[in-house]
Amino acid sequence: MKFHTRRPTALAALLLTATFALAGCGSDEGDGGSTGDGGTGGGDLSMTMLPKNLGNAYFDTSTKGAMKAADELGADMEEVGPETGSPDAQVSYINTVAQQGKDALILSANDPEALCDAIDEAHSADVKVITFDADTNPDCRDLFINQATAEGIAAKQLELISEQIGGKGEIAILSASANATNQNAWIEMMESELADNPDYADIELVDTVYGDDEDQKSFDQTEALLQNHPDLKGIISPTTVGIAAAARYLSDSQYKGKVALTGLGTPNQMREFVEDGTVTSFALWNPGDLGYLATYAAAALVNGDISGEEGDSFEAGDLGEFEVGADGVVLLGEPFTFTKDNIGDFDF
């Protein structure tokens, strides 16, 4: 698949343009998972942000980026969502958006197929549906705002773990939920690369476990991995909740400095673990920019500036011009590697 993106700029510079502090983006979970952030109010465009779950630092940051874009566009934006990352928990929120007649729904899907019937109902109510972070079947939505290609994310994580374990040994994967679209795509790519790339001939993937993007469960799964695989050399966790929980376990255990950990995390979550030597390097894109781009894409669809066809282009505020690729995919960029040398330059 050929992906199209905006005119290239330096990724590090792009990331530095946004300073989204996670501490300022918390959600209210007291009502069992309703609105996280209130709408910007007063706009001609009405949009709803539906992440996989509330109370997740990654999605707090993406929503703050979406809110920033909505302010710039003069749009009304609200965030809603469940406490748990399951497809069934998202369906009622999609149905509500359809009933309210919102202009657009911006969704991180907990399953590629299970949400499609509800999305069809939203489409019947003239709601534009834009997925970000995790996609549905392309037939279900209008656009997918992809943080990076699955190939690029998989390759980066294998590259980092290989460097950290000296190119040989047993590794494991600590993922989010077993049906998470993006997680599964990355894992499949990593499995294929491990099988086919001679550079990884001495690396063995011995286990894949799921923490369901819950901190305590991810912490417990890390402990179980280390107990079940005494020769484990490294862990890849392609989820911000998982990598932070695994780092917390490793940092206060006998395995610190002996078992490598990498994956996808935010600088503010991972800073202490990089600085204390628990983690050497990890990767991510800017989730704030992802939410920001998704909001501009939604506005372009609603306003008729684009139809979602390959080759359509639109302006996305501070991020510049983007182009729609095959299957309605808009690509943010490539993963960026955070290390002790550069992590202090970022605040999100």
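As a reminder, the structure under discussion sits directly above these lines.
A few points on the structure. Here the structure is a predicted model, which means the values were calculated and not measured.

What follows is about the sheet that holds strand β4 (residues 128–132). Taking strand neighbours across the sheet as the criterion, the six strands line up as β2-β1-β3-β4-β5-β13 in an open arrangement whose pairing is parallel. Every interior strand has two partners, whereas the edge strands, β2 (76–79) and β13 (329–331), have only one. Strand after strand, the sheet turns through a mean of 20 degrees between neighbouring axes, direction not considered. Where strand β3 (residues 104–107) meets β4, four bridges bridge the pair, whose relative direction is parallel. Bridged to leucine 107 within β4 is threonine 131. The strands that helix α2 (residues 57–73) touches are β1 (46–50), β2 and β4; relative to β2, the one it contacts most, it runs at about 170 degrees.

Note: strands within a sheet are paired through backbone hydrogen bonds, in either parallel or antiparallel orientation. One open sheet holds the four strands; their spatial order is β7-β6-β8-β9, and the pairing between them is parallel. On the outer flanks of this sheet lie β7 (203–210) and β9 (260–263), each paired with one strand and no other. Shown here is a sheet whose adjacent strand axes are inclined to one another by a mean of 25 degrees, direction ignored. Sheet topology places strand β6 (residues 169–175) next to strand β8 (residues 232–237); four bridges connect them, and they run parallel. Opposite isoleucine 173, over in β8, you have isoleucine 236 as the bridge partner.

Quick look at the nonpolar core now. Counting residues in hydrophobic clusters, the biggest one holds 82 residues, and the most contacted among them are Met47, Ile145, Trp285, Leu293 and Phe314. Broken down by element, this core gets its largest block of residues, 10 residues, from helix α10 (residues 287–302). Ile94, Ala118, Val129 and Cys140 belong to the second-largest nonpolar core, a separate cluster that totals 17 residues.

In this section: the state of the cysteines. Applying the stated criterion across every chain yields a total of one disulfide. The disulfide that involves cysteine 116 links it to cysteine 140, with 1.8 Å between the sulfurs. Linking cysteine 116 and cysteine 140, the disulfide has an S-S dihedral of approximately 90 degrees and is accordingly described as right-handed. Here cysteine 116, found in helix α4 (residues 116–124), pairs with cysteine 140, found in the loop between β4 and β5 (143–146); they are 24 residues apart in sequence, far enough to count as distant. For cysteine 116, a relative accessible area of 9% translates into the label buried.

Definitions and limits used
Residues numbered from 1 in each chain as written. Predicted model: local features only at pLDDT ≥ 70, side-chain atom pairs only at ≥ 80, totals over all residues. Heavy atoms only, no water. Pairing = 2+ DSSP bridges. Helix = DSSP H or I, 4+ residues; strand = E, 2+ residues; numbered from the N terminus. Axes fitted to C-alpha atoms, helices over the stretch in contact; angles between N-to-C directions. Contact = heavy atoms within 4.5 Å. Core = buried A, V, L, I, M, F, W, Y, C linked by side-chain atoms within 4.5 Å. Buried < 20%, exposed > 50% of the residue type's maximum accessible area, 1.4 Å probe, protein only. Disulfide = S-S within 2.5 Å.

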